[in-house]
Amino acid sequence: MADTFFQSLFTSIADGGRDLISRNLRRTERDPADHVIGLCRALVSSHGEASGAALAMATLDAYRGLSAEERARVFHRLVAEFCADEAAVVTAYHAYRADPSPATLVALVEAAEPPRRELLGRLNIAPGGTADLVRMRGEVLKLLPAEDDLTALDSDLQHLFVSWFNRGFLSLERIDWHTAAAVLEKLIAYEAVHEIDGWEDLRRRLAADRRCFAFFHPALPDEPLIFVQVALVRSIPDRVQPLLDRSAPVFDVKQADTAVFFSISNCQPGLRSISFGNFLIKQVAADLQAELPNLKTFVTLSPIPGFSRWLHGVAQTNGDGELHDLLADLDGLADADWQEAERTKALEEPLTQLAAWYLVREKKGTMPLDPVARFHLGNGARLERINWRGDVSAKGLRHGHGLMVNYLYRLDQVERNHEAFVNDKKVVASRAVDQLVKASPWPGKETGKAAANATPLPAV
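Nothing here was measured: the structure is a model prediction, and the numbers come from that model.

Caption draft 1: How the structure looks around the pairing of strand β3 (residues 226–233). Counting buried positions along β3 yields 8 of 8 residues, so the element is predominantly enclosed. Side chains Ile226, Val228, Val230 and Leu232 of β3 all project onto a buried face; the interleaved residues Phe227, Gln229, Ala231 and Val233 project onto the opposite face, where all are buried too. Here strand β2 (residues 210–216) pairs with β3 via 6 bridges, running antiparallel. Across the sheet, the residue bridging to Phe213 is Val228, located in β3. Across 8 bridges, the pairing between β3 and strand β4 (residues 258–266) is antiparallel. From the neighbouring strand, Gln229 faces β4, where its bridge partner is Ser263.

Caption draft 2: Focus on the pattern of salt bridges. This model, assessed by the stated rule, comprises 27 salt bridges. Across the pair Arg41 and Glu81 runs a salt bridge whose closest N-O atoms are separated by 2.9 Å. Of this pair, Arg41 sits in helix α2 (residues 32–45) while Glu81 sits in helix α4 (residues 68–81), and the two are 40 residues apart along the sequence. A relative accessible area of 41% means that Arg41 is categorised as partly exposed. Among the salt bridges present, the one from Glu118 reaches Arg122, with a minimum N-O distance of 2.7 Å. Placement of both Glu118 and Arg122 in helix α7 (residues 115–123) is noted, with a separation of 4 residues, approximately one turn of the helix. A cluster of three or more residues bridged by salt bridges with shared partners is formed by Asp34, Arg41, Arg77 and Glu81.

Caption draft 3: Fine view of the packing of helix α10 (residues 181–190) against helix α11 (residues 198–205). Relative orientation of the contacting elements α10 and α11 amounts to 95 degrees, with a least axis distance of 11 Å. Between α10 and α11, the crossing angle belongs to the class labelled roughly perpendicular. Seen from α10, the contacting residues are Ala181, Leu184, Glu185, Leu187 and Ile188; seen from α11, they are Gly198, Trp199 and Leu202. Its residues assigned to classes, the contact of α10 with α11 comprises 6 nonpolar, 1 polar and 1 charged.

Scoring rules and cut-offs
- Residues numbered from 1 in each chain as written.
- Predicted model: local features only at pLDDT ≥ 70, side-chain atom pairs only at ≥ 80, totals over all residues.
- Heavy atoms only, no water.
- Buried < 20%, exposed > 50% of the residue type's maximum accessible area, 1.4 Å probe, protein only.
- Helix = DSSP H or I, 4+ residues; strand = E, 2+ residues; numbered from the N terminus.
- Pairing = 2+ DSSP bridges.
- Salt bridge = Lys/Arg side-chain N within 4 Å of Asp/Glu carboxyl O.
- Axes fitted to C-alpha atoms, helices over the stretch in contact; angles between N-to-C directions.
- Parallel < 35°, antiparallel > 145°, perpendicular 65-115°, else oblique.
- Contact = heavy atoms within 4.5 Å.
- Nonpolar A, V, L, I, M, F, W, Y, C, P; charged D, E, K, R; others polar.

See below:
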């Protein structure tokens, strides 16, 4: 009821400003991108509430009608024309150097802030503005890094989103078969780890021995920001296919002692690098433990998305005969061969050892090269186990040679592990994983050089 009232109030205010716009800002530009920039200039310089509301709506309406090429031109002009005044920044900087007081620091910060941020904030007052700006950042990210001047616009949007999508504004909701169909359809569309094959597949993933939770934001009420799928089982699983089997019988959750996070999907490309997952996992674990006190273990069954790429790069860079032979054996296997354990048994030891090395020792800067490892270790999990033939789907074989990882969340240790990871750059791993690292046949470890220096691969 309150949302409807304020929506009506806003529309009334905006309608009151439409006449002002029609009198003072008639469209004279032939180029649609020029028209949008003209509206942006008017919006950022407007002072009246009615005209500002109407201008925000008009600007977004015009922006929605642009082609991808026209939007790219708008992005570049926002960077070039709505930037901070260089002379004002220099003046404020020298004033601060001469008198480093709180007042001169505030003046410097204000001078350095580009008008783009004020513009984006004003666009957000229009109905649907938040969703439009999230989609806008998604489009900007597609153009980066080829058009690196857009980094400034991306930075402005990210800066605003960190505040707008603060954890305090998010609501955690359980998704089940009775959730609105519009939201369920989006789960099918957004699932990024293990594809959901239609409604029957989704129905099994929302059965009594499964849980699905998502974060929502009040400005995007029907759009999940991130969601996690959980299986309630007995003991830590080492393979994902049984969890995805839609014909598997429903397990009695009273017998479950383990909650398995087997899929975490970010839904909004425009919110990349805005962290939700760390809050999501910890809150879901706490809620599940409150609901089902018999749950003692909280663990993931996670992919290793960059392992295959890294391994091929190591072999090519180092010219190691043993690794080349290993990859030749891998490349000679058809997908069907992975279903037969005997045909792949000889590969188990070297591949799991190499995967352990990759997860623990390979770095992007000071952090693990693997993005999933960075995420879970940064949340305070422990790298618990590497699972042979954990995912023998085509995707699992292509990205991780069929290997999967269990990251263990011990709720009484996550903060300690997180601090060790962030402050000391320590990868907290089980003894079994540490032993695999020591036994790894990685060809450059005897040189004593850092693995990141010996492996010229970008992060994936």
